[in-house]
Amino acid sequence: MSFPVELITTDAEAALLLENAQHELRDLNVRETVLQAQGERTSESAADITADLTAQGAIITALTPVVSTLPAGSKARLNTEGDLRRATQRRDNLTASQQLRGAVAALLRALDLRQVQAQIAEVKTFIEEVTARRATL
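Residues numbered from 1 in each chain as written. Predicted model: local features only at pLDDT ≥ 70, side-chain atom pairs only at ≥ 80, totals over all residues. Heavy atoms only, no water.

## Comments concerning the overall build of the protein chain
Phase 1: Counting secondary structure elements, the protein chain contains three helices and zero strands.
Phase 2: Taken from N to C terminus, the helices and strands of the protein chain fall in the order α-α-α.
Phase 3: For 137 residues, the compact-globule formula gives about 14 Å, and the C-alpha radius of gyration of the protein chain, at 28 Å, lies well above that figure.
Phase 4: If one aligns the C-alpha atoms of the protein chain with their principal axes, the spans along those axes are about 90 × 20 × 15 Å.
Phase 5: For the protein chain, with 137 residues in total, the buried portion stands at 27%.
Phase 6: Put simply, the protein chain shows about 9200 Å² of open surface, and 58% of that area lies on carbon and sulfur atoms.
Phase 7: Here the protein chain carries 15 positive and 18 negative side-chain charges, and the mean point of each set is 13 Å from the other. (Helix = DSSP H or I, 4+ residues; strand = E, 2+ residues; numbered from the N terminus. Rg over C-alpha atoms; globule rule 2.2 N^0.38 Å. Buried < 20%, exposed > 50% of the residue type's maximum accessible area, 1.4 Å probe, protein only. Areas by Shrake-Rupley, 256 points an atom, 1.4 Å probe, with all protein chains shown as cover. Lys, Arg positive; Asp, Glu negative; His and termini not counted. Charge placed at Lys NZ, Arg CZ, Asp CG, Glu CD.)

Written as structure tokens, this is what we have:
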């Protein structure tokens, strides 16, 4: 669907429209660059979190049955309980951070990026159509 460029009646109107569109395009290009960088970091972070969660789960699974087999109050039991507590806290922290840097966040960043890219395409089309109209004035 074309823009209603026939509404442009003077070179000054076309110039103003092009200037505004160029500013919009510049801002969108900056936003695209930022979103690309954020998306890459978020995707990497999501993969790291998933791997770390798997590791912490394995540690918890391995240590849980061991604790009850150790003598109460022994140094070995206290150390193993501490290791289990740290692994459990780490897993809980990773689970909480998934909301900010996990798969959902990575997909939302990708959606934002695609929306900005669609806007960029539309602004470029607008510029082309206004430029063509300007040439006829």
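## Observations regarding the nonpolar core
Phase 1: If you look at the biggest cluster of nonpolar residues, it comprises 14 residues, and the most contacted ones within it are Val123, Ile127 and Val130.
Phase 2: Listing elements by their share of this core, those giving two or more residues are α1 (11–67) and α3 (103–136).
Phase 3: Apart from the residues lying within four places of it in its own chain, the contact partners of Val123 are Ala21, Glu24, Leu25 and Leu28.
Phase 4: Core analysis: the next-biggest nonpolar cluster, separate from the first, contains five residues, Leu63, Val67, Leu84 and Ala87 among them. (Core = buried A, V, L, I, M, F, W, Y, C linked by side-chain atoms within 4.5 Å. Contact = heavy atoms within 4.5 Å.)

## Considering helix α2 (residues 75–101)
It helps to recall that an α-helix has 3.6 residues per turn; residues three or four apart then point in one direction.
Phase 1: Over its 27 residues, α2 extends 37 Å from the first C-alpha to the last, a length consistent with the 39 Å expected when each residue adds 1.5 Å.
Phase 2: In this fold, the buried residues of α2 make contact with α1. (Expected span 1.5 Å × (residues − 1).)

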